Amino acid sequence: MTLAPNQTEKLGRARGDLRLGLPIVLAGEGRTLLAAAVETLGADRLAAMRALGQPELALTARRAETLKTPAYDDDLARLIVPQGAGLDWLNAVADPADDLRVPMKGPFAALRQGSAALHRAALQLAKSAQLLPAAVLVEVADGMAFAVAQGLTFLALTDCSDLFRLAPLEEVVSARLPMVASQAGRVHIFRPDDGGAEHYAIEIGRPDRDHPVLARLHSACFTGDVLGSLKCDCGPQLHAALAQMGSEGAGVLLYLNQEGRGIGLANKMRAYSLQDQGFDTVEANHRLGFEDDERDFRIGAEILRGMGFGTVRLLTNNPRKMAMMESCGIRVAERVALKVGKTPQNAAYLATKAAKSGHLL
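- Under the annotation held in an unreviewed UniProt entry, the chain carries the name GTP cyclohydrolase-2 and is attributed to Fuscibacter oryzae.
- UniProt annotates the chain under Pathway (unreviewed entry) with the comment "Cofactor biosynthesis; riboflavin biosynthesis; 5-amino-6-(D-ribitylamino)uracil from GTP: step 1/4."
- Per UniProt, the chain carries the Catalytic activity (unreviewed entry) text "GTP + 4 H2O = 2,5-diamino-6-hydroxy-4-(5-phosphoribosylamino)-pyrimidine + formate + 2 phosphate + 3 H(+)".

1. With respect to the overall build of the chain
Here is step 1 of the chain: Helices and strands together make up the secondary structure of the chain, namely 14 helices and 14 strands.
Here is step 2 of the chain: What you see for the chain is a C-alpha radius of gyration of 22 Å, in line with the 21 Å of a compact globule of 361 residues.
Here is step 3 of the chain: For the chain, the C-alpha atoms occupy an extent of roughly 65 × 55 × 30 Å along the three principal directions.
Here is step 4 of the chain: For the chain, the residues scored as buried account for 50% of the 361 residues in total.

2. Side note on the UniProt feature "binding site: Zn(2+)" (unreviewed entry) in the chain
Here is step 1 of the chain: Under the feature "binding site: Zn(2+)" (unreviewed entry), the UniProt entry names Cys221, Cys232 and Cys234. As for the largest cavity, its lining draws on Cys221, Cys232 and Cys234 from among the annotated residues.
Here is step 2 of the chain: Note that Cys221 resides in the loop between strand E11 (213–219) and helix H7 (222–226).
Here is step 3 of the chain: Contacts of Cys221, omitting those with residues within four sequence positions, involve Val226, Cys232, Cys234, Tyr255, Glu259 and Lys268.

3. Brief notes about the pattern of salt bridges
Here is step 1 of the chain: Under the defined criterion, the tally for this structure stands at 24 salt bridges.
Here is step 2 of the chain: Through salt bridges that share partners, Arg63, Asp99, Lys105 and Arg287 make up one connected network.

4. Section: the state of the cysteines
Here is step 1 of the chain: With the rule as written, the count across this model stands at zero disulfides.
Here is step 2 of the chain: No disulfide involves Cys234; its nearest neighbouring cysteine sulfur is the one of Cys232, lying 3.6 Å away.
Here is step 3 of the chain: A residue is classified by how much of its surface remains accessible, and Cys234, at 15% relative accessible area, is buried.

5. Section: the sheet that holds strand E5 (residues 110–111)
Here is step 1 of the chain: As summarised here, the arrangement of the seven strands in space is E5-E4-E3-E6-E2-E1-E7, forming an open sheet in which the pairing is mixed. Whereas interior strands pair on both sides, the edge strands pair on one side only; in this sheet they are E5 and strand E7 (154–156).
Here is step 2 of the chain: Bridge analysis of strand E4 (residues 76–80) against E5 gives two bridges, and the strand direction is antiparallel. Its bridge partner being in E5, Arg78 is matched across the sheet by Leu111.
Here is step 3 of the chain: In the packing of helix H1 (residues 7–20) onto the sheet, the strands contacted are strand E1 (24–28), strand E2 (31–37) and E7, and the crossing angle to E7 comes to about 130 degrees.

6. Remarks on the sheet that holds strand E14 (residues 331–336)
Here is step 1 of the chain: One open sheet holds the seven strands; their spatial order is E8-E9-E10-E12-E11-E13-E14, and the pairing between them is mixed. Two strands bound the open sheet, and with one partner strand each, they are strand E8 (169–176) and E14. Each neighbouring strand pair of the sheet contributes to a mean axis angle of 25 degrees, computed without reference to strand direction.
Here is step 2 of the chain: Seen against the sheet, helix H12 (residues 298–306) touches E8, strand E9 (185–192), strand E10 (199–204), E11, strand E12 (251–256) and strand E13 (311–315) and runs at an angle of roughly 140 degrees to E12.
Here is step 3 of the chain: Contacts between helix H13 (residues 319–327) and the sheet are confined to E11, E13 and E14, with E14 contributing the most and set at about 165 degrees to the helix.

Reading the values: rules and limits
Residues numbered from 1 in each chain as written. Predicted model: local features only at pLDDT ≥ 70, side-chain atom pairs only at ≥ 80, totals over all residues. Heavy atoms only, no water. UniProt positions renumbered as here; feature names shortened; annotations may be inferred. Helix = DSSP H or I, 4+ residues; strand = E, 2+ residues; numbered from the N terminus. Rg over C-alpha atoms; globule rule 2.2 N^0.38 Å. Buried < 20%, exposed > 50% of the residue type's maximum accessible area, 1.4 Å probe, protein only. 1 Å grid on protein atoms, 1.4 Å probe; cavity = no way out; pocket = protein on both sides within 12 Å on 5 of 7 lines; lining within 4 Å. Contact = heavy atoms within 4.5 Å. Salt bridge = Lys/Arg side-chain N within 4 Å of Asp/Glu carboxyl O. Disulfide = S-S within 2.5 Å. Pairing = 2+ DSSP bridges. Axes fitted to C-alpha atoms, helices over the stretch in contact; angles between N-to-C directions.

Here's what the structure looks like:
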(Lines give C-alpha, C1' and ligand atoms only; values in the text may rest on other atoms or scores of the structure.)
Protein backbone atom coordinates (compact mmCIF):
# COMPACT_ATOMS: atom_id res chain seq x y z
CA MET A 1 0.00 0.00 0.00
CA THR A 2 1.28 3.47 -0.89
CA LEU A 3 0.14 7.06 -0.52
CA ALA A 4 2.18 8.18 -3.53
CA PRO A 5 0.24 9.51 -6.55
CA ASN A 6 -0.43 7.08 -9.38
CA GLN A 7 0.06 7.84 -13.08
CA THR A 8 -3.33 9.50 -13.51
CA GLU A 9 -2.89 11.62 -10.37
CA LYS A 10 0.57 12.75 -11.49
CA LEU A 11 -0.90 14.02 -14.74
CA GLY A 12 -3.64 15.88 -12.86
CA ARG A 13 -1.02 17.46 -10.64
CA ALA A 14 1.06 18.45 -13.68
CA ARG A 15 -1.93 20.15 -15.32
CA GLY A 16 -2.61 22.12 -12.15
CA ASP A 17 1.05 23.16 -11.90
CA LEU A 18 1.10 24.43 -15.48
CA ARG A 19 -2.05 26.48 -14.86
CA LEU A 20 -0.37 28.00 -11.80
CA GLY A 21 2.71 28.96 -13.79
CA LEU A 22 4.90 26.24 -12.25
CA PRO A 23 7.24 24.28 -14.50
CA ILE A 24 7.25 20.49 -14.48
CA VAL A 25 10.04 18.01 -15.16
CA LEU A 26 9.67 15.57 -18.07
CA ALA A 27 12.07 12.70 -18.63
CA GLY A 28 12.45 10.11 -21.37
CA GLU A 29 14.42 8.95 -24.40
CA GLY A 30 17.69 9.97 -22.81
CA ARG A 31 16.71 13.56 -21.97
CA THR A 32 15.23 15.47 -19.06
CA LEU A 33 13.49 18.76 -19.77
CA LEU A 34 12.01 21.42 -17.53
CA ALA A 35 8.75 22.51 -19.18
CA ALA A 36 6.45 25.48 -18.56
CA ALA A 37 3.33 26.77 -20.29
CA VAL A 38 4.00 30.09 -22.05
CA GLU A 39 0.61 31.51 -21.08
CA THR A 40 1.20 31.34 -17.32
CA LEU A 41 5.00 31.64 -17.16
CA GLY A 42 6.33 34.59 -15.15
CA ALA A 43 9.45 36.65 -15.78
CA ASP A 44 11.31 35.36 -12.71
CA ARG A 45 10.79 31.72 -13.63
CA LEU A 46 11.75 32.40 -17.24
CA ALA A 47 14.99 33.95 -16.01
CA ALA A 48 15.61 30.92 -13.79
CA MET A 49 15.03 28.61 -16.77
CA ARG A 50 17.45 30.64 -18.91
CA ALA A 51 20.10 30.24 -16.25
CA LEU A 52 19.91 26.47 -16.77
CA GLY A 53 20.63 26.51 -20.50
CA GLN A 54 19.21 27.31 -23.96
CA PRO A 55 15.39 27.41 -23.86
CA GLU A 56 13.32 25.88 -26.64
CA LEU A 57 9.77 26.81 -27.62
CA ALA A 58 7.34 24.07 -28.65
CA LEU A 59 4.33 24.98 -30.81
CA THR A 60 1.72 22.86 -32.57
CA ALA A 61 1.95 22.46 -36.33
CA ARG A 62 -1.25 24.53 -36.65
CA ARG A 63 0.38 27.52 -34.96
CA ALA A 64 3.65 26.96 -36.84
CA GLU A 65 1.74 27.06 -40.13
CA THR A 66 0.33 30.47 -39.23
CA LEU A 67 3.82 31.69 -38.37
CA LYS A 68 5.21 30.32 -41.68
CA THR A 69 7.81 28.20 -39.90
CA PRO A 70 8.30 24.50 -40.70
CA ALA A 71 7.05 21.80 -38.36
CA TYR A 72 9.85 19.29 -38.84
CA ASP A 73 8.28 16.94 -36.30
CA ASP A 74 5.03 16.75 -38.31
CA ASP A 75 2.61 17.68 -35.53
CA LEU A 76 4.78 20.28 -33.81
CA ALA A 77 7.64 22.71 -34.25
CA ARG A 78 10.61 23.22 -31.92
CA LEU A 79 12.12 26.70 -32.03
CA ILE A 80 15.22 28.12 -30.36
CA VAL A 81 14.31 31.01 -28.07
CA PRO A 82 16.62 33.88 -29.12
CA GLN A 83 19.02 35.44 -26.65
CA GLY A 84 17.32 38.37 -24.95
CA ALA A 85 13.82 37.26 -25.95
CA GLY A 86 11.50 37.74 -22.99
CA LEU A 87 7.89 37.07 -22.15
CA ASP A 88 6.66 39.62 -24.68
CA TRP A 89 8.31 37.68 -27.51
CA LEU A 90 7.11 34.31 -26.23
CA ASN A 91 3.54 35.51 -25.84
CA ALA A 92 3.53 37.17 -29.25
CA VAL A 93 4.63 33.90 -30.86
CA ALA A 94 2.19 31.77 -28.85
CA ASP A 95 -0.88 34.05 -28.99
CA PRO A 96 -2.22 35.21 -32.39
CA ALA A 97 -4.08 38.21 -30.96
CA ASP A 98 -1.63 40.67 -32.53
CA ASP A 99 -0.74 38.72 -35.67
CA LEU A 100 -2.42 41.09 -38.11
CA ARG A 101 -0.67 44.16 -36.70
CA VAL A 102 2.72 42.45 -36.40
CA PRO A 103 2.63 39.55 -38.88
CA MET A 104 6.41 38.98 -38.98
CA LYS A 105 7.49 37.34 -35.71
CA GLY A 106 10.70 35.71 -36.93
CA PRO A 107 13.07 34.82 -38.30
CA PHE A 108 12.84 31.55 -36.41
CA ALA A 109 15.54 28.95 -35.87
CA ALA A 110 13.80 25.58 -35.95
CA LEU A 111 15.24 22.41 -34.46
CA ARG A 112 15.03 19.22 -36.48
CA GLN A 113 17.43 16.80 -34.79
CA GLY A 114 16.58 14.47 -31.92
CA SER A 115 13.29 13.35 -30.43
CA ALA A 116 10.33 15.65 -29.90
CA ALA A 117 8.51 13.25 -27.58
CA LEU A 118 8.92 15.38 -24.45
CA HIS A 119 7.90 18.54 -26.32
CA ARG A 120 4.81 16.69 -27.57
CA ALA A 121 3.90 15.66 -24.02
CA ALA A 122 4.32 19.26 -22.79
CA LEU A 123 1.99 20.57 -25.52
CA GLN A 124 -0.63 17.93 -24.82
CA LEU A 125 -0.53 18.73 -21.11
CA ALA A 126 -0.97 22.44 -21.85
CA LYS A 127 -3.92 21.66 -24.12
CA SER A 128 -5.56 19.41 -21.56
CA ALA A 129 -5.09 22.18 -18.98
CA GLN A 130 -7.02 24.44 -21.40
CA LEU A 131 -4.03 26.73 -21.89
CA LEU A 132 -2.60 27.94 -25.17
CA PRO A 133 -0.64 25.03 -26.69
CA ALA A 134 2.81 26.55 -26.37
CA ALA A 135 5.56 25.46 -23.98
CA VAL A 136 9.07 26.59 -23.05
CA LEU A 137 11.54 23.79 -22.31
CA VAL A 138 15.15 23.67 -21.15
CA GLU A 139 17.37 20.67 -20.49
CA VAL A 140 18.37 19.78 -16.93
CA ALA A 141 20.64 17.11 -15.51
CA ASP A 142 19.51 14.41 -13.06
CA GLY A 143 15.83 15.20 -13.48
CA MET A 144 14.43 13.34 -10.48
CA ALA A 145 16.92 14.92 -8.08
CA PHE A 146 16.27 18.33 -9.66
CA ALA A 147 12.50 17.91 -9.29
CA VAL A 148 12.80 16.84 -5.65
CA ALA A 149 15.18 19.71 -4.81
CA GLN A 150 12.85 22.28 -6.41
CA GLY A 151 9.60 20.68 -5.25
CA LEU A 152 8.42 20.17 -8.85
CA THR A 153 6.24 17.46 -10.38
CA PHE A 154 8.27 14.79 -12.17
CA LEU A 155 6.81 12.81 -15.07
CA ALA A 156 8.47 10.05 -17.01
CA LEU A 157 7.43 9.79 -20.63
CA THR A 158 5.72 6.51 -19.77
CA ASP A 159 3.49 8.43 -17.33
CA CYS A 160 2.28 10.55 -20.25
CA SER A 161 0.87 7.56 -22.11
CA ASP A 162 -2.25 8.13 -19.98
CA LEU A 163 -2.87 11.50 -21.67
CA PHE A 164 -5.09 9.99 -24.37
CA ARG A 165 -6.85 7.55 -22.10
CA LEU A 166 -10.56 7.99 -21.53
CA ALA A 167 -10.89 8.69 -17.82
CA PRO A 168 -13.39 6.31 -16.20
CA LEU A 169 -16.48 8.12 -14.96
CA GLU A 170 -18.28 7.48 -11.69
CA GLU A 171 -21.83 8.61 -10.99
CA VAL A 172 -21.58 10.69 -7.84
CA VAL A 173 -25.22 11.50 -7.20
CA SER A 174 -28.57 12.01 -8.91
CA ALA A 175 -31.62 13.95 -7.83
CA ARG A 176 -35.07 14.85 -9.11
CA LEU A 177 -35.32 18.27 -10.79
CA PRO A 178 -38.62 19.61 -12.16
CA MET A 179 -37.88 21.82 -15.17
CA VAL A 180 -39.73 24.02 -17.63
CA ALA A 181 -39.26 21.30 -20.24
CA SER A 182 -40.59 18.55 -17.98
CA GLN A 183 -41.77 18.09 -14.42
CA ALA A 184 -40.24 14.58 -14.58
CA GLY A 185 -36.57 15.53 -14.69
CA ARG A 186 -33.56 14.00 -12.96
CA VAL A 187 -29.95 15.23 -13.01
CA HIS A 188 -27.05 12.77 -12.75
CA ILE A 189 -23.52 14.00 -11.95
CA PHE A 190 -20.56 12.03 -13.36
CA ARG A 191 -17.00 12.62 -12.16
CA PRO A 192 -13.88 11.43 -14.05
CA ASP A 193 -11.07 9.79 -12.10
CA ASP A 194 -8.41 12.17 -13.49
CA GLY A 195 -9.60 15.25 -11.58
CA GLY A 196 -11.12 16.78 -14.71
CA ALA A 197 -14.44 18.54 -15.13
CA GLU A 198 -17.65 16.78 -14.14
CA HIS A 199 -20.29 15.98 -16.75
CA TYR A 200 -24.06 15.86 -16.35
CA ALA A 201 -26.90 13.71 -17.65
CA ILE A 202 -30.40 15.19 -17.63
CA GLU A 203 -32.90 12.34 -17.75
CA ILE A 204 -36.47 13.14 -18.77
CA GLY A 205 -39.15 10.71 -17.65
CA ARG A 206 -38.27 7.03 -17.40
CA PRO A 207 -36.70 6.05 -20.74
CA ASP A 208 -37.01 2.36 -21.61
CA ARG A 209 -33.47 0.90 -21.69
CA ASP A 210 -34.63 -1.80 -24.12
CA HIS A 211 -35.64 0.71 -26.83
CA PRO A 212 -33.78 3.55 -28.62
CA VAL A 213 -33.73 6.60 -26.38
CA LEU A 214 -34.03 10.15 -27.70
CA ALA A 215 -30.60 11.52 -26.77
CA ARG A 216 -28.44 14.56 -27.27
CA LEU A 217 -24.74 15.11 -26.59
CA HIS A 218 -24.57 18.81 -25.79
CA SER A 219 -21.21 20.47 -25.20
CA ALA A 220 -21.20 23.25 -22.60
CA CYS A 221 -21.52 26.74 -24.06
CA PHE A 222 -21.54 29.43 -21.40
CA THR A 223 -22.08 32.21 -23.92
CA GLY A 224 -24.95 30.49 -25.73
CA ASP A 225 -26.62 28.46 -22.99
CA VAL A 226 -26.40 31.10 -20.24
CA LEU A 227 -25.96 34.48 -21.93
CA GLY A 228 -28.11 33.85 -25.00
CA SER A 229 -25.30 34.56 -27.45
CA LEU A 230 -26.38 35.22 -31.02
CA LYS A 231 -23.00 34.07 -32.37
CA CYS A 232 -23.91 30.36 -32.16
CA ASP A 233 -26.95 28.09 -32.10
CA CYS A 234 -26.07 26.27 -28.87
CA GLY A 235 -28.65 27.81 -26.54
CA PRO A 236 -31.59 27.22 -28.89
CA GLN A 237 -30.38 23.66 -29.52
CA LEU A 238 -30.20 22.96 -25.77
CA HIS A 239 -33.71 24.21 -25.10
CA ALA A 240 -35.21 22.65 -28.24
CA ALA A 241 -33.73 19.26 -27.35
CA LEU A 242 -35.11 19.39 -23.80
CA ALA A 243 -38.48 20.57 -25.08
CA GLN A 244 -38.70 17.68 -27.56
CA MET A 245 -37.79 15.18 -24.84
CA GLY A 246 -40.43 16.71 -22.60
CA SER A 247 -43.00 16.52 -25.40
CA GLU A 248 -42.21 12.84 -26.04
CA GLY A 249 -42.13 12.10 -22.31
CA ALA A 250 -38.66 10.55 -22.28
CA GLY A 251 -35.08 11.26 -23.24
CA VAL A 252 -31.58 11.94 -21.97
CA LEU A 253 -29.44 15.01 -22.58
CA LEU A 254 -25.75 14.76 -21.77
CA TYR A 255 -24.24 18.11 -20.82
CA LEU A 256 -20.52 17.65 -21.44
CA ASN A 257 -18.11 20.19 -20.03
CA GLN A 258 -16.13 20.65 -23.25
CA GLU A 259 -16.52 24.40 -23.74
CA GLY A 260 -15.48 25.92 -27.04
CA ARG A 261 -15.16 22.60 -28.88
CA GLY A 262 -12.91 21.40 -26.10
CA ILE A 263 -10.46 24.33 -25.88
CA GLY A 264 -12.00 26.05 -22.84
CA LEU A 265 -13.78 29.35 -22.37
CA ALA A 266 -10.65 31.55 -22.33
CA ASN A 267 -9.41 30.13 -25.63
CA LYS A 268 -12.93 30.32 -27.04
CA MET A 269 -12.94 34.04 -26.28
CA ARG A 270 -9.55 34.32 -28.00
CA ALA A 271 -11.13 32.61 -31.01
CA TYR A 272 -14.06 35.05 -30.91
CA SER A 273 -11.60 37.93 -30.92
CA LEU A 274 -9.92 36.47 -34.00
CA GLN A 275 -13.32 36.08 -35.65
CA ASP A 276 -13.78 39.82 -35.14
CA GLN A 277 -10.58 40.22 -37.19
CA GLY A 278 -12.20 38.33 -40.08
CA PHE A 279 -11.27 34.68 -39.52
CA ASP A 280 -13.90 31.96 -39.44
CA THR A 281 -14.27 29.59 -36.50
CA VAL A 282 -11.97 26.89 -37.95
CA GLU A 283 -9.29 29.38 -39.00
CA ALA A 284 -9.38 30.97 -35.55
CA ASN A 285 -8.83 27.62 -33.84
CA HIS A 286 -5.92 26.83 -36.14
CA ARG A 287 -4.25 30.19 -35.52
CA LEU A 288 -4.45 29.50 -31.79
CA GLY A 289 -2.73 26.16 -32.33
CA PHE A 290 -5.76 23.90 -31.94
CA GLU A 291 -7.50 21.48 -34.27
CA ASP A 292 -10.98 22.19 -35.66
CA ASP A 293 -12.58 20.28 -32.80
CA GLU A 294 -10.78 19.07 -29.67
CA ARG A 295 -13.81 17.40 -28.03
CA ASP A 296 -13.88 13.75 -26.98
CA PHE A 297 -17.33 12.27 -27.57
CA ARG A 298 -16.23 8.94 -26.06
CA ILE A 299 -17.28 10.57 -22.79
CA GLY A 300 -20.88 10.64 -23.96
CA ALA A 301 -20.82 7.00 -24.97
CA GLU A 302 -19.35 6.04 -21.60
CA ILE A 303 -22.12 7.87 -19.72
CA LEU A 304 -24.89 6.39 -21.89
CA ARG A 305 -23.51 2.91 -21.38
CA GLY A 306 -23.22 3.49 -17.64
CA MET A 307 -26.87 4.52 -17.53
CA GLY A 308 -27.91 1.34 -19.31
CA PHE A 309 -28.56 2.74 -22.81
CA GLY A 310 -27.28 0.85 -25.84
CA THR A 311 -29.27 2.40 -28.70
CA VAL A 312 -30.12 6.05 -29.32
CA ARG A 313 -32.13 8.31 -31.55
CA LEU A 314 -29.49 11.01 -31.67
CA LEU A 315 -30.51 14.67 -31.79
CA THR A 316 -27.64 16.10 -33.82
CA ASN A 317 -26.51 17.72 -37.05
CA ASN A 318 -22.96 16.44 -36.57
CA PRO A 319 -22.06 13.16 -38.33
CA ARG A 320 -18.90 12.90 -36.19
CA LYS A 321 -21.05 12.37 -33.10
CA MET A 322 -22.87 9.51 -34.79
CA ALA A 323 -19.63 7.90 -35.93
CA MET A 324 -18.12 8.19 -32.45
CA MET A 325 -21.19 6.64 -30.82
CA GLU A 326 -21.12 3.70 -33.23
CA SER A 327 -17.36 3.20 -32.77
CA CYS A 328 -17.89 3.12 -28.99
CA GLY A 329 -20.62 0.50 -29.16
CA ILE A 330 -23.68 2.78 -28.91
CA ARG A 331 -25.95 2.06 -31.87
CA VAL A 332 -27.52 5.09 -33.57
CA ALA A 333 -30.95 3.92 -34.73
CA GLU A 334 -31.90 7.33 -36.11
CA ARG A 335 -30.47 10.79 -36.55
CA VAL A 336 -32.98 13.41 -35.45
CA ALA A 337 -32.24 16.81 -36.99
CA LEU A 338 -31.97 19.83 -34.70
CA LYS A 339 -32.01 22.89 -36.93
CA VAL A 340 -32.84 25.87 -34.72
CA GLY A 341 -31.33 29.18 -33.67
CA LYS A 342 -30.12 30.65 -36.96
CA THR A 343 -29.56 34.42 -36.68
CA PRO A 344 -27.98 37.09 -38.88
CA GLN A 345 -25.07 37.10 -36.42
CA ASN A 346 -24.35 33.34 -36.71
CA ALA A 347 -25.19 32.67 -40.36
CA ALA A 348 -21.52 32.66 -41.41
CA TYR A 349 -20.61 30.46 -38.43
CA LEU A 350 -23.24 27.90 -39.38
CA ALA A 351 -22.10 27.98 -43.01
CA THR A 352 -18.54 27.26 -41.86
CA LYS A 353 -19.74 24.34 -39.72
CA ALA A 354 -21.47 22.89 -42.78
CA ALA A 355 -18.62 23.53 -45.25
CA LYS A 356 -15.60 22.69 -43.08
CA SER A 357 -16.91 20.45 -40.30
CA GLY A 358 -19.48 18.47 -42.27
CA HIS A 359 -22.52 19.46 -40.20
CA LEU A 360 -25.84 18.66 -41.87
CA LEU A 361 -27.44 22.11 -41.88
